Amino acid sequence: TLRTKNFQTFETNFRLPFATNSETTLLKAATNLVQKMYHPNVIYRSLGVTLKNLFFGKEKQISLFDQEKFEDDKISHLIDKIEEKFGKDSIKLGV
């Protein structure tokens, strides 16, 4: 959701075709959506991203009939370990 300085709201949706727990995959999808909605001559006051149907770790039940790909992102695990050791805001993903 993008909101302009005049409180106009623009929304769009996107559903990943596969299950993921990859922070980089989610960040890329969100960045692509924002880039499609963004207009350079408009002043924005806020940006919001909502994630739905989340699951923790490998708890997702994979269907026998659907083509689903499960990502287990090593970078996300490393980021989690660094945050556990040095604190929540000790490392950030770059875009």
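Remember, it's a predicted structure, so these values are computed and weren't measured experimentally. (Residues numbered from 1 in each chain as written. Predicted model: local features only at pLDDT ≥ 70, side-chain atom pairs only at ≥ 80, totals over all residues. Heavy atoms only, no water.)

What follows is about the packing of aromatic side chains. A full pass over the atoms with the stated rule returns one aromatic pair. Measuring from ring centre to ring centre gives 5.6 Å for Tyr-38 and Tyr-44, while their planes differ by 35°; the resulting arrangement is tilted. (Phe/Tyr/Trp six-rings, centres within 6.5 Å; stacked < 30°, edge-to-face > 60°.)

The backbone of Phe-7 shows a phi angle near 65°, a positive value even though the residue is not glycine. By the secondary structure assignment, Phe-7 is in the loop between strand E1 (2-4) and strand E2 (9-10). Residue Phe-7 is classed as exposed on the basis of its relative accessible area, which comes to 54%. (Helix = DSSP H or I, 4+ residues; strand = E, 2+ residues; numbered from the N terminus. Buried < 20%, exposed > 50% of the residue type's maximum accessible area, 1.4 Å probe, protein only.)

Another aspect to go through is helix H1 (residues 23-37). Helical geometry: 3.6 residues make up each α-helical turn, so side chains three or four residues apart lie on a common side. Between its first and last C-alpha atoms H1 spans 21 Å; for 15 residues at 1.5 Å apiece the expected length is 21 Å, and the two agree. Buried within H1 we find Thr-25, Ala-29, Ala-30, Thr-31 and Met-37. In the core, the buried residues of H1 are packed alongside E1, E2 and strand E3 (44-47). (Expected span 1.5 Å × (residues − 1). Contact = heavy atoms within 4.5 Å.)

Here we come to a nonpolar patch on the surface. A contiguous nonpolar patch, built from Leu-47, Val-49, Leu-51 and Leu-54 and spanning about 410 Å² of accessible area, is present on the exposed surface. Topologically, Leu-51 is positioned in the loop between E3 and helix H2 (74-86). (Patch = residues over 30% accessible without salt bridge, like charges linked within 9 Å, V, L, I, M, F, W, Y side chains within 5 Å. Areas by Shrake-Rupley, 256 points an atom, 1.4 Å probe, with all protein chains shown as cover. Salt bridge = Lys/Arg side-chain N within 4 Å of Asp/Glu carboxyl O.)

This paragraph deals with the sheet that holds E1. If you walk across this open sheet you meet the three strands as E2-E1-E3, and the pairing is antiparallel. Only two strands of the sheet have a single partner each, and these edge strands are E2 and E3. Note: E1 against E2, two bridges, orientation antiparallel. Among the inter-strand pairings, Arg-3 is bridged to a residue of E2, identified as Thr-9. (Pairing = 2+ DSSP bridges.)

This paragraph deals with H2. Helix length check: H2, at 13 residues, gives a terminal C-alpha distance of 18 Å against a target of 18 Å (1.5 Å per residue), a fit within 8%. The positive-phi residue at the C-terminal boundary of H2 is Gly-87, with phi of around 110°.

We now examine the side chain of Thr-4. As for its placement among the helices and strands, Thr-4 is situated in strand E1. Among the residues examined, Thr-4 registers a relative accessible area of 4% and is labelled buried.

On average, residues of the chain score 81 in pLDDT, and 79% of them reach the 70 mark or higher. Across the chain, E3 holds the top mean pLDDT of 92, while H2 sits lowest at 85. (pLDDT = per-residue confidence, 0-100.)

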